[in-house]
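# Geometric and topological summary
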Amino acid sequence: MQLERRAAVPRALLIGAPVAAIIVTLAITSLLVAWAGAPVGRAYALLLEGGFGSRFAWTETLTRATPLILTGLAAAVAFRARLFNIGGEGQLYAGALAAVAVGGLHGGTGFEASPWLLFPLMLAAAMLAGALLLLGPALAKARLGVDEVVTTLLLNFIVLLFVSAMLDGPMKDSLAMGWPQSVAIQDALQLGKLIERSRVHTGLLWALAAALLLWGLLARTTLGFEIRAVGANARAAAFAGMPVGWVQVKVALLSGALAGLAGAIEVAGRAGYVTLDMSPGYGYSGIVIAMLAALHPLGVVAAAVFVAGILVGADSMSRAVNVPTYIADVIVAVSLIAVLVATMLTQYRLRWR
């Protein structure tokens, strides 16, 4: 068997490949649903209904999608420049902790400053914390050739241990009855509701704006061209005179800032404070979302809504037909593999010898 690059990709293949990936995903995961002893058709109907079938389902899906959009963007822009940022989870927590440090400590007064000043400072602190957390691995890669996959992954655990120390130490809420959580940010800094009688907050608008701005940056600016060039072929970009290491450092700052912003938005929009279980793996899910979206910023929005709907719908399905909620993770993982294979087959054809 040999892979041969196609001279031209037929339009029908471009349209049919994602459809085929979805069919393959449903076929594979249906075997697991049947193995669990549940009716496959009813289970899938409950999954879709739980994620997209009502006003409540949509609001919960959009609430879950908000941080996923930002972590997906963080992974997408980094991967575009061949900077494999696996540390989105740690950067999210670093941003959340920085947001509380600005908007929640000091007796909740926030340095006695106006909320109009504190809110942008809170977001800026969160973005700076995430950016600085990724800056070290980026510099280590650019200067010393250190693998950023290892350093960013290990930093996740270091940050979580640091958060645990802060929640049991100087940032602990004395009114939490011993529960490890930080002090809350003041009410004036919390994001308003986007939809009444729901948990959807205006952080969704921030996430959508970030996706639009990132798309504009990649498609319409010199930096965006450099990012795409470095990602396509770093050696050719360097030969053309582009500062590859410096471009990756700038990408690291942008990627870390987006993940840190996700932490601040989650604190200000939903939780109000930091806990160790605040994120059910949003940073890692962002990698899956970026790959599902083919690293396209606008595609990240659709992929985040899809993943969030699957995760929310799995809870409803689990209660009704007794299928473990972990089936949602399997569906997302299989869909990622299927999309990657389908994408490869649109670019290459199989030749048997």
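Here the residue numbers are simple positions, counted from 1 along each chain's written sequence. Totals for whole chains, interfaces and linings use every residue, but because this is a predicted model, local features are given only for residues with pLDDT of at least 70 and side-chain atom pairs only at 80 or more, for both listing and counting. Hydrogens and water are ignored here; the side-chain numbers use all heavy atoms of the structure.

This brings us to the overall build of the protein chain. What counts as a helix is a DSSP run of H or I of at least four residues, what counts as a strand is a run of E of at least two, and both are numbered from the N terminus. A tally of regular secondary structure across the protein chain gives 13 helices and 2 strands. Within these notes, the globule rule equals 2.2 Å times the number of residues to the 0.38 power, and the radius of gyration is based on C-alpha atoms. For the protein chain, the C-alpha radius of gyration of 21 Å lies close to 20 Å, the compact-globule estimate for 353 residues. For the protein chain, the C-alpha atoms occupy an extent of roughly 70 × 60 × 30 Å along the three principal directions. Counting only residues that meet the buried cut, the protein chain has 48% of its 353 residues in that class. Partitioning the contacts of the protein chain with sequence separation of at least 6, the portion at a separation of at least 24 is 76%. Exposure is judged per residue with a 1.4 Å probe applied to protein chains only, and the accessible area is read against the type maximum: over 50% gives exposed, under 20% gives buried, and values in between give partly exposed. In what follows, a contact means two residues having at least one pair of non-hydrogen atoms within 4.5 Å.

Right, let's talk about helix H4 (residues 88–103) for a bit. Note: α-helices contain 3.6 residues per turn, so residues at a spacing of three or four share the same orientation. One fewer than the residue count of a helix, multiplied by 1.5 Å, yields its expected span. Spanning 16 residues, H4 covers 22 Å between terminal C-alpha atoms, matching the ideal 22 Å at 1.5 Å per step. The buried count for H4 comes to 15 of 16 residues, which makes it a mostly enclosed element.

Let us now look at the packing of helix H5 (residues 115–144) against helix H10 (residues 244–271). Inter-axis angles, ranging from 0 to 180 degrees, are taken between N-to-C directions of lines fitted to C-alpha atoms, where helices are fitted over the stretch in contact. Close contact between H5 and H10 brings their axes to 6 Å; oriented N to C, the two are set at 145°. Taken as a pair, H5 and H10 cross one another with a handedness that is right-handed. Classifying every residue of the contact of H5 with H10 gives 18 nonpolar, 6 polar and 1 charged. Helix crossings are classified by the rotation of the near helix relative to the far one: an anticlockwise turn of less than a right angle makes the crossing left-handed, while a clockwise turn makes it right-handed. Polarity classes work like this: nonpolar for Ala, Val, Leu, Ile, Met, Phe, Trp, Tyr, Cys and Pro, charged for Asp, Glu, Lys and Arg, and polar for all others, with Gly in that last group.

We now examine a nonpolar patch on the surface. Distance thresholds for patches are 9 Å for like charges and 5 Å for nonpolar side chains (Val, Leu, Ile, Met, Phe, Trp, Tyr), applied to residues having over 30% relative accessible area and no salt bridge. All accessibility values rest on the Shrake-Rupley procedure with a 1.4 Å probe; residue burial counts only the protein chains present in the view. We define a salt bridge as a contact between a side-chain nitrogen of Lys or Arg and a carboxyl oxygen of Asp or Glu at a distance within 4 Å. Residues Met1, Leu3, Ile337, Val341, Met344, Leu345, Leu350 and Trp352 make up a contiguous nonpolar surface patch of about 810 Å² in total accessible area. When residues of the nonpolar patch are assigned to their parent elements, the largest contribution, 4 residues, is made by helix H13 (residues 327–347). Tracing the backbone through its elements, the reader meets methionine 1 in the segment before strand S1 (2–5). By relative accessible area, which is 66% here, methionine 1 ends up exposed.

Turning our eyes to something else, we now look at the pattern of salt bridges. Two side chains carrying opposite charge are able to pair once their charged atoms lie near each other. By the definition in use, this model includes 4 salt bridges. Among the salt bridges present, the one from glutamate 60 reaches arginine 199, with a minimum N-O distance of 2.8 Å. Note that glutamate 60 is positioned in helix H3 (residues 55–80) and arginine 199 in the loop between helix H6 (148–167) and helix H7 (203–220), a separation of 139 residues in sequence. Since its relative accessible area comes to 14%, glutamate 60 is described here as buried. Arginine 270 is paired through a salt bridge with glutamate 266; the nearest N and O atoms lie 2.5 Å apart. Within this pair, arginine 270 and its partner glutamate 266 are both found in helix H10, separated by 4 residues, close to a single helical turn. The class for glutamate 266 is buried, based on a relative accessible area of 2%.

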